[in-house]
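Chain and residue survey
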Amino acid sequence: MSPEPAAASPSRTAVGRETVRVDGPLKVSGAARYTADFHFPDMLYAVPVCATIASGTIAAIDTKAAEAMPGVRKIYTRDTIGKFYRVPASGGGIIDERRPPFEDDTIRYYGQYIALVVADTFEQATAAAHRVETSYRTATFDVSTALSPEETPRVKTRRGDPDAAFDAAAVKIDHVYNTPIETHSSIELHASVATFDGSHFTLYETTQAVGNFRNVLAQMLGVPKENVRVVTEYLGTGFGGKLWPWPQSLLAAAAARELRQPVKLVMTRQMTFESAGHRPHTQQRVRLGATTEGKLVSLRHDYAYSRAPMSSYAENCGESSGFMYSTPNLSVSEAFATRNVGVPTSMRGPGAVPGLYALESAVDELAVALKMDPVALRLRNEPAIDESKNIPFSSRHLKECLATGAETFGWSRRTPAVGSMRENGAVLGWGVAACTWMAARWEAQVSVMFNDDGTLRVASGTQDIGTGTYTVLAQMAAELAGLDVGKIKVVIGDSSLPPGPISGGSMATASLVPAVAQATREAIRNLIATARESDSHFANVPVDRLAFHEGRVHRKDQPPGEGRRFEEVLASARLGHVEGRGKSEGTFRNKNSTVSTHSFGAHFVEVAWQPEIARLRINRTVSVIDGGRIVNPLTARNQIEGAVTMGIGMALFEETHYDHRHGMPINSNLADYIMATHADTPPMEVIFLDYPDTHLNEMGVRGIGEIGLAGVAAAITNAVYHATGVRVRDLPVKIEDLL
Ligand code: MOS
């Protein structure tokens, strides 16, 4: 093995510099192909038929009238779709709705697929889907929102004697917090364009994980995974709703296989509310006990969440409760209640986001009870180590987040009495909440190639959810090879590439670092070996006397400028490219970690309340994020701003309502499912502390996809309390709550 080449002598520092999205021009010019943009000759259109009951069985499906309609090619039901297989519980890939579509005649939620119409046009298929006649035997169903756990709660973590310590505490808080079902509302709808050539499938998909999607679809279709290729060039985001496959993709693939023509299926917005996942309802009881000086002596967090029949999804609300604050006595337990709703799934910051709404609300309530400043209360209970695991934190700067945020926000001017601050005729409320999100790596493989056209290609079977993976991959490769970002070609979004990380859990960037570094170094080694063998300029120079700097192979005893550019080296060797490969293990499933790796942050919010006209506005926010080294401050700030916007929606607007007569999600469109828009968002200040966390990778990069949402809703409801004296414990805040 030759010595480590001098790769890491970056004079350009691409990492850490504000860099505009490399895919921006393709997106704004319409050249970027999203899944529904793929068109093929002879393409057919599929539209699912959805159950109109929430529980029961199908008595009969009559497709005759629909089949006679113009353009209809085929109507599939349970009898004609062919065989689907289940995914094994371990090893087959991840899917939340494990029951293959049409597997039985039982209806478990409103909108469950019961038939599939394939026609020449989308309009014909839609019209025919409405003519399919279904009769049902209905059964009772439950979409109620009060959750009674169906089994003894499972203890997630426990230490000391939390019950006795709570009972004996001088100051106590004991409240229940509810968060409603929320539905991922990506602008890009879920879409599948399935093609089959007689043996191999190519599936153009909207997925945050092309490799997992390939594995799952191969299992369910009953073919080797080598026979399935999944392509996702661009995503109009996903928020977790596109992490794992949903049944419509399998239906499209099965239709393409049987009809031997490409089949396109684009879900309607209504369908996404019914059968493409949601964040479940949560009901969380938090008990805090403290001394009169504000030292926590007991923390109990007991939560329940709603779950669909045949789902094993768990909303891990207590994820951060065990390590967020120092306390000798603590317990966290979980339970669920089954509801006749579609299968829930991860939604941005699953578990921790609703969990921190409850915990950070309770901490604020404790501060009020103690007559103590809520920033000071948090600082007083800062732990020295992760007390849930008795291991150190890799890098925790929550105190600095709180201090910096308070300073930037002007927190010292806050007067604690409810309704005591006024400006321009409005009552001001100032609230704060802390936040955290896990930092981990997923397995990653990367290929890096020096090309004879002077470009460097970096390729991995990951994907860009829209947040900037194309750009940060280009930055990393540019940094490691000492090239301009413009010389880097990023190829992702294809399951035939070396398997890359999922775009989930805020893990993609951190996961890619070690693999990109390893691949780039190997490519440089291979380039140097090539130079020595094939380029007369370096004849007889030992490999260890050669180095690579800013695109040139050079002799270490000569300035880099006198070396040869890599494209010249490749030309001399008559090579199109040399490649290096990198591979890194994941840390996500590592239960024996010796350090606790998480991101941290603090949000400060000002609300304005005008009781005369029942108007509540968010005036401004300050967010301080301890998210490791920031690869691209520009796209990173976008992430936090987007997350704070989503947090405003979580606090004030988002809630999926189910009709208690039919079990149907009734606000299943973007007019009635209210989200925060630009008009709802105030000036947002975002500050990154930028401490590299080198336990996770050599660049010290963590991830910032989810941390920005955690805590926002609590900061807002805490501010609402400060303005109005009303403590909202059931999200979202409704104006009538405040009157
Ligand atoms: Mo995120 S919920 O891990 O896409």
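The protein goes by Xanthine dehydrogenase family protein molybdopterin-binding subunit in an unreviewed UniProt entry, where it is assigned to Sphingomonas lycopersici.

1. Side note on the overall build of the protein
Along the protein, the regular secondary structure elements total 17 helices and 27 strands. For the protein, the C-alpha radius of gyration of 27 Å lies close to 27 Å, the compact-globule estimate for 739 residues. Referenced to the eigenvectors of the C-alpha coordinate spread, the extents of the protein come out at roughly 80 × 70 × 50 Å. Pairs at least 24 apart in sequence give 82% of the contacts found in the protein among residues at least 6 apart.

2. Quick look at the UniProt feature "domain: Aldehyde oxidase/xanthine dehydrogenase a/b hammerhead" (unreviewed entry) in the protein
Residues given the UniProt feature "domain: Aldehyde oxidase/xanthine dehydrogenase a/b hammerhead" (unreviewed entry) here are residues 29-140. The span residues 29-140 shows a helical share of 12% and a strand share of 30%, and its end C-alpha atoms are spaced 51 Å apart.

3. Focus: the domain arrangement of the protein
The assigned domain composition of the protein is domain 1 (24-32 + 441-584), domain 2 (36-141 + 193-275) and domain 3 (383-436 + 592-738). Once you take the C-alpha centre of each, domain 1 and domain 2 turn out to be 39 Å apart. Across the side of domain 1 that touches domain 2, the residue classes tally to four nonpolar, nine polar and two charged.

4. Some thoughts on the confidence of the model for the protein
The share of residues in the protein with pLDDT of 70 or more is 98%, and the mean pLDDT across the chain is 96. Confidence over residues 1-11 falls short of pLDDT 50; this stretch has 27 contacts with residues more than four positions distant or in other chains. Interface predicted TM-score (ipTM) for the complex: 0.96; the corresponding pTM is 0.96.

5. Focus: the sheet that holds strand β24 (residues 577-584)
Read across the open sheet, the four strands follow the order β20-β19-β18-β24; overall the sheet is mixed. If you trace the sheet from one side to the other, it starts and ends with β20 (488-491) and β24, each paired once. The mean angle between the axes of side-by-side strands here comes to 20 degrees, regardless of whether they run parallel or antiparallel. As defined by bridge partners, strand β18 (residues 444-451) adjoins β24 across eight bridges and the pair is classed as antiparallel. Within β24, the residue paired with phenylalanine 450 across the bridge is valine 578. Along the sheet face, helix α13 (residues 508-534) touches β18, β19 (456-459) and β24 and points at about 150 degrees away from the line of β24.

6. A few points about helix α12 (residues 469-481)
A rise of 1.5 Å per residue sets the reference length of α12, with its 13 residues, at 18 Å; its end C-alpha atoms lie 18 Å apart and thus fit the reference within 8%. The buried fraction of α12 amounts to 13 of the 13 residues, a majority that puts the element mostly inside the structure. Of the residues flanking the end of α12, it is glycine 482, one or two places downstream, whose phi is positive at about 65 degrees.

7. Remarks on the nonpolar core
Counting 219 residues, the largest nonpolar core has Ala46, Val117, Ala477, Val516, Leu527 and Ile716 as the members making the most contacts within it. With 13 residues, the top contributor of residues to this core is α13. Setting aside anything within four residues of it in sequence, one finds alanine 46 in contact with Leu116, Val117, Val118, Ala125, Leu251, Ala252, Ala255, Val263, Lys264 and Leu265.

8. Overview of the packing of α12 against α13
For any two helices packed against each other, one specifies the inter-axial angle together with the distance between the axes. Running from N to C, α12 and α13 point in directions that differ by 35 degrees, and their axes come no closer than 10 Å. For the element pair α12 and α13, the recorded crossing hand is right-handed. Residue-level contacts link Thr469, Val472, Leu473, Met476, Ala477, Leu480 and Ala481 of α12 to Ala508, Thr509, Leu512, Val513, Val516, Ala517 and Thr520 of α13. Taken together, the residues of the contact of α12 with α13 break down into 11 nonpolar, three polar and no charged.

9. Re the pairing of β18
Counted residue by residue, β18 has seven buried out of eight residues, so it is predominantly covered. Bridge count for β18 against β19 is four bridges, and the pairing is antiparallel. Counterpart to serine 447 in the pairing with β19 is alanine 459. Between the end of β18 and the start of β19, which pair antiparallel, lie four residues, with glycine 454 showing a positive phi angle near 85 degrees.

10. Comments concerning the pairing of strand β12 (residues 263-266)
Residues of β12 alternate between two faces, with Val263 and Leu265 on one and Lys264 and Val266 on the opposite face, all of them buried. Of the strand pairs in this sheet, strand β1 (residues 44-50) and β12 are connected by two bridges, and their pairing is parallel. Among the inter-strand pairings, tyrosine 45 is bridged to a residue of β12, identified as lysine 264. Where strand β9 (residues 191-196) meets β12, four bridges bridge the pair, whose relative direction is antiparallel. Its bridge partner being in β12, alanine 194 is matched across the sheet by valine 263.

11. Quick notes on the sheet that holds strand β23 (residues 564-565)
Read across the open sheet, the three strands follow the order β21-β22-β23; overall the sheet is antiparallel. Every other strand in the sheet has two partners, leaving β21 (546-549) and β23 as the edge strands with one partner each. Pairing of strand β22 (residues 552-555) with β23 involves two bridges; the strand directions are antiparallel. Paired with valine 553 across the strands is arginine 564, a residue of β23. Strand contacts of α13: β21, β22 and β23, with the helix running at about 125 degrees to β21, the strand carrying the most contacts.

Definitions and cut-offs
Residues numbered from 1 in each chain as written. Predicted model: local features only at pLDDT ≥ 70, side-chain atom pairs only at ≥ 80, totals over all residues. Helix = DSSP H or I, 4+ residues; strand = E, 2+ residues; numbered from the N terminus. Rg over C-alpha atoms; globule rule 2.2 N^0.38 Å. Contact = placed C-beta atoms within 7 Å. UniProt positions renumbered as here; feature names shortened; annotations may be inferred. Domains from an automatic or database assignment. Nonpolar A, V, L, I, M, F, W, Y, C, P; charged D, E, K, R; others polar. pLDDT = per-residue confidence, 0-100. Pairing = 2+ DSSP bridges. Axes fitted to C-alpha atoms, helices over the stretch in contact; angles between N-to-C directions. Expected span 1.5 Å × (residues − 1). Buried ≥ 20, exposed ≤ 12 C-beta atoms within 10 Å, placed from the backbone. Core = buried A, V, L, I, M, F, W, Y, C linked by C-beta atoms within 7 Å. Left-handed = near helix turned anticlockwise from the far one by under 90°.

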